[in-house]
Amino acid sequence: MRIFQNATQAALAMRPDDPVYCFRPEVLKADARQFMEMFPGKTAYAVKTNGEQLVLKTLVEAGVKAFDVASPGEFAAVRAVSPDAEMLYMHPVKAQSDIRLALEKYGIRVIAVDHEDEITKLTRVVRALDIDPGSITVFVRIQTKGQAAYELSKKFGAGPAYAVELAQRLQRTGYKVGLCFHVGSQIEDPDTYDRALASADWVRNRVGFPIAGLDVGGGFPAEYGTDPASKKPPMPSIGQLMSRLRSDIAAWNFDKMPLVAEPGRVIVARAFSLVVRVLLRKGRRLYINDGIWASLSDSWTGKLTLPARIIPDPAIRSRNGNEKTIVPFKVCGATCDSVDILSRPFWLPETIDTGDWIEIGHIGAYSLSLRTRFNGFYPDTFVEVTTPFEEGEAPQGLATVETMAAE
Ligand SMILES: *Cc1c(COP(=O)(O)O)cnc(C)c1O
């Protein structure tokens, strides 16, 4: 992989017409280590966020020893980078053959359920393989209510009273029983974990035996741009959020038991930026060589404002407007599909034109993992970059309120 100091150097050296992923291994390691230092329990990286080998390998180098996995493909991806990393199989709805593979071939001993039929499947496999249920920790996934860009409780989770029943049933069969929740991705309200902990406490107080642990899931927000037109209050920093979570955990008396978190987005978002090219500027619209069917689907469904910075093509000799004037551009994707238009604008200098590049920052989560080959476009070019997106020469158009205010 070619190495550059920053994305601007990569773009000017390569003059790429295809999107280029700029990977920052040192940023990934720093963010993983920061999370592990702040969270008072086991950190299990959620592989679905970005399961690239180079990401998993770098996380192992950073000291990540546990991974949240959901499928045979993810079991294999983790095993390929580490012979002894622990895997937590936290998908509540599983094929029986996948459960068997997890237990038999991969030695997985941590699993999540939210329905009695999932317990039946698990127990069938456990009996067939003659495994002691006492060697397996089963987390009962509890339904939660909260504010997140992605609300997941509509899809998974047992209501609190049913969770009590499931827990008791698991305990009678001989499993170790924990409780877990996943509040959704990119939470937008700092009270979210507190409410989920209150539900977990309600269940814990009624099961009638000591639970083996609590898994607080993922959802920790990554930093993105801030839309200057938005009225949403800014989220607290991850440091503030984690100290709040630690005090909530203690207030609900979960601090004396084994804890697990399954962060995805917050660990990997900053580790990648993406260099795209403006194929055409049409008024206030930019047609770029990536889109919702490639790297940008998460920003579309999550309605995220992505931080973006122009990399001007030096070959363009004359420009209209003032490079200090930052304006919103509607962004159209590479495919012929009419829905392939981003749900949030990019804030960029009004001088941007056909042929310029844009570096989109903090794009490591749910970007390359969600790429499709739709319409024949499949971005797959990687370079390594040694400085963080935020650093280097002054950004000419970074879509944050801070930069706007400083103008
Ligand atoms: C997707 C997922 C995660 C990771 O979520 P982030 O918001 O990226 O932190 C964690 N746990 C489970 C069960 C998930 O489905």
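In this text the structure is predicted, and so the values were computed from the model without any measurement.

Engineer: For this particular structure, what's the right way to read the domain arrangement of the chain?
Structural biologist: Reports often express the size of an interface as the amount of accessible area lost when the parts come together. Domain boundaries in the chain define domain 1 (3–21 + 270–406) and domain 2 (40–262). Its C-alpha centre places domain 1 at a distance of 33 Å from the equivalent point of domain 2. Each partner contributes residues to the interface: domain 1 has 23 residues there, and domain 2 has 16 residues. If you sort the residues of domain 1 by the area they bury against domain 2, Thr305, His362 and Tyr366 come out on top, with a joint share of 28%. At the junction of domain 1 and domain 2, the tally comes to one salt bridge. Glu52 is paired through a salt bridge with Arg371; the nearest N and O atoms lie 3.2 Å apart. At the boundary of domain 1 and domain 2, one finds seven residue pairs in polar contact (both at pLDDT 80 or more). Mapped onto the side of domain 1 that touches domain 2, the elements with two or more residues apiece are α11 (297–301) and α12 (401–406).

Engineer: Explanation requested: the UniProt feature "active site" (unreviewed entry) in the chain in the structure shown.
Structural biologist: Mapped onto this structure's residue numbering, the UniProt feature "active site" (unreviewed entry) falls at Cys336. Counting through the fold element by element, Cys336 comes out in the loop between β16 (326–332) and β17 (346–349).

Engineer: What am I meant to see in the packing of helix α2 (residues 25–38) against helix α3 (residues 53–61) here?
Structural biologist: For any two helices packed against each other, one specifies the inter-axial angle together with the distance between the axes. Relative orientation of the contacting elements α2 and α3 amounts to 55°, with a least axis distance of 9 Å. Of the possible angle classes, the one that applies to α2 and α3 is oblique. Seen from above, α2 lies across α3 with right-handed handedness. On α3, the residues that touch Pro25, Leu28, Lys29, Ala32 and Arg33 of α2 are Val55, Thr58, Leu59 and Glu61. Its residues assigned to classes, the contact of α2 with α3 shows five nonpolar, one polar and three charged.

Engineer: What exactly am I supposed to notice about the nonpolar core here?
Structural biologist: Most often, soluble globular proteins have nonpolar side chains that are buried together. In terms of nonpolar packing, the biggest core is built from 104 residues, with Tyr45, Phe67, Leu103, Leu214, Phe220 and Ile358 touching the most fellow members. The element that contributes the greatest number of residues to this core is helix α8 (residues 192–207), accounting for six residues. When residues are assigned to domains, this core turns out to be shared by domain 1 (3–21 + 270–406) and domain 2 (40–262), each giving three or more. Residues within four places of Leu103 in sequence aside, it is in contact with Ile108, Arg109, Ile111, Leu122, Val125, Val126, Leu129, Ile131 and Ile136.

Engineer: Please explain the packing of aromatic side chains as it appears in this structure.
Structural biologist: Under the criterion given, the structure shown has nine aromatic pairs. Every member of this aromatic cluster is reached through a ring pair, and the members are Phe35, Phe39, Tyr193 and Phe220. Above the plane of the ring of Phe254 lies Arg204, whose end atom (NZ or CZ) is 4.0 Å from the centre. Geometry around Tyr378 places Arg373 over its ring, the cationic atom sitting 4.0 Å from the centre.

Engineer: Would you take a moment to explain the state of the cysteines for this structure?
Structural biologist: Disulfide: a covalent bond connecting the sulfur atoms of a pair of cysteines. On inspection of all chains with the given rule, the structure shows zero disulfides. Residue Cys332 stays outside any disulfide, its sulfur separated by 12 Å from that of Cys336, the closest cysteine. Assessed through its relative accessible area of 74%, Cys336 is described here as exposed.

Engineer: How do you make sense of the site of the ligand when you look at a structure like this?
Structural biologist: Among the 14 residues in the neighbourhood of the ligand, the closest are listed as Lys48, Ser185, Glu262, Arg265 and Tyr366. In this structure, Gly264 approaches the ligand through a main-chain N or O atom, which is 2.9 Å from an oxygen atom. Relative to its unbound accessible area of 390 Å², the ligand is 92% covered by the protein chains. Of the residues assigned to the shell around the ligand, the class counts are three nonpolar, six polar and five charged.

Engineer: What is the right way to look at the UniProt feature "modified residue: N6-(pyridoxal phosphate)lysine" (unreviewed entry) in the chain in this model?
Structural biologist: The feature "modified residue: N6-(pyridoxal phosphate)lysine" (unreviewed entry), as given by UniProt, occupies Lys48 in the numbering adopted here. Overall, Lys48 belongs to the partly exposed group, its relative accessible area being 45%. Beyond its immediate chain neighbours, meaning those up to four positions away, Lys48 contacts Glu74, Tyr366 and Ser369.

Engineer: Honestly, the pairing of strand β2 (residues 20–23) in this entry has me stumped. Any pointers?
Structural biologist: The side chains of a regular strand alternate, first on one face of the sheet and then on the other. Taking every second residue as pointing to the same face, both faces of β2 are buried, with Val20 and Cys22 on one and Tyr21 and Phe23 on the other. Pairing of β2 with strand β13 (residues 272–282) involves four bridges; the strand directions are antiparallel. Pairing of Tyr21 across the sheet is with Leu274, part of β13. Inspection of the sheet shows β2 paired to strand β19 (residues 381–385) by four bridges, in the parallel sense. Residue Tyr21 lies in a different strand from β19, and its bridge partner there is Phe382.

Engineer: Teacher, can you tell me more about a nonpolar patch on the surface here?
Structural biologist: On the surface, a cluster of nonpolar side chains totalling about 250 Å² of accessible area is made up of Trp293, Val339 and Phe374. Its location among the elements puts Phe374 in the loop between β18 (357–360) and β19. Assessed through its relative accessible area of 38%, Phe374 is described here as partly exposed.

Engineer: Just to check I follow, could you spell out the pairing of strand β7 (residues 137–141) for this structure?
Structural biologist: A large share of β7 lies buried, amounting to five of its five residues. With four bridges joining them, strand β6 (residues 110–113) and β7 adopt parallel strand pairing. By the bridge assignment, Val113 is partnered in β7 with Val140. On the question of chirality, the crossover connecting β6 to the parallel β7 by way of helix α6 (residues 116–128) is right-handed. Of the pairings in the sheet, the one linking β7 to strand β9 (residues 176–180) comprises five bridges and is parallel in character. Residue Thr137 lies in a different strand from β9, and its bridge partner there is Lys176.

Calculation criteria
- Residues numbered from 1 in each chain as written.
- Predicted model: local features only at pLDDT ≥ 70, side-chain atom pairs only at ≥ 80, totals over all residues.
- Heavy atoms only, no water.
- Domains from an automatic or database assignment.
- Contact = heavy atoms within 4.5 Å.
- Buried area = accessible area lost by both parts, 1.4 Å probe.
- Salt bridge = Lys/Arg side-chain N within 4 Å of Asp/Glu carboxyl O.
- Polar contact = N/O pair within 3.5 Å; in protein donor to acceptor, adjacent residues only side chain to side chain.
- Helix = DSSP H or I, 4+ residues; strand = E, 2+ residues; numbered from the N terminus.
- UniProt positions renumbered as here; feature names shortened; annotations may be inferred.
- Axes fitted to C-alpha atoms, helices over the stretch in contact; angles between N-to-C directions.
- Parallel < 35°, antiparallel > 145°, perpendicular 65-115°, else oblique.
- Left-handed = near helix turned anticlockwise from the far one by under 90°.
- Nonpolar A, V, L, I, M, F, W, Y, C, P; charged D, E, K, R; others polar.
- Core = buried A, V, L, I, M, F, W, Y, C linked by side-chain atoms within 4.5 Å.
- Buried < 20%, exposed > 50% of the residue type's maximum accessible area, 1.4 Å probe, protein only.
- Phe/Tyr/Trp six-rings, centres within 6.5 Å; stacked < 30°, edge-to-face > 60°.
- Lys NZ or Arg CZ within 6 Å of the ring centre and 35° of its normal.
- Disulfide = S-S within 2.5 Å.
- Near = heavy atom within 4 Å.
- Areas by Shrake-Rupley, 256 points an atom, 1.4 Å probe, with all protein chains shown as cover.
- Pairing = 2+ DSSP bridges.
- Patch = residues over 30% accessible without salt bridge, like charges linked within 9 Å, V, L, I, M, F, W, Y side chains within 5 Å.
- Right-handed = clockwise from strand over helix to strand, strands pointing away.

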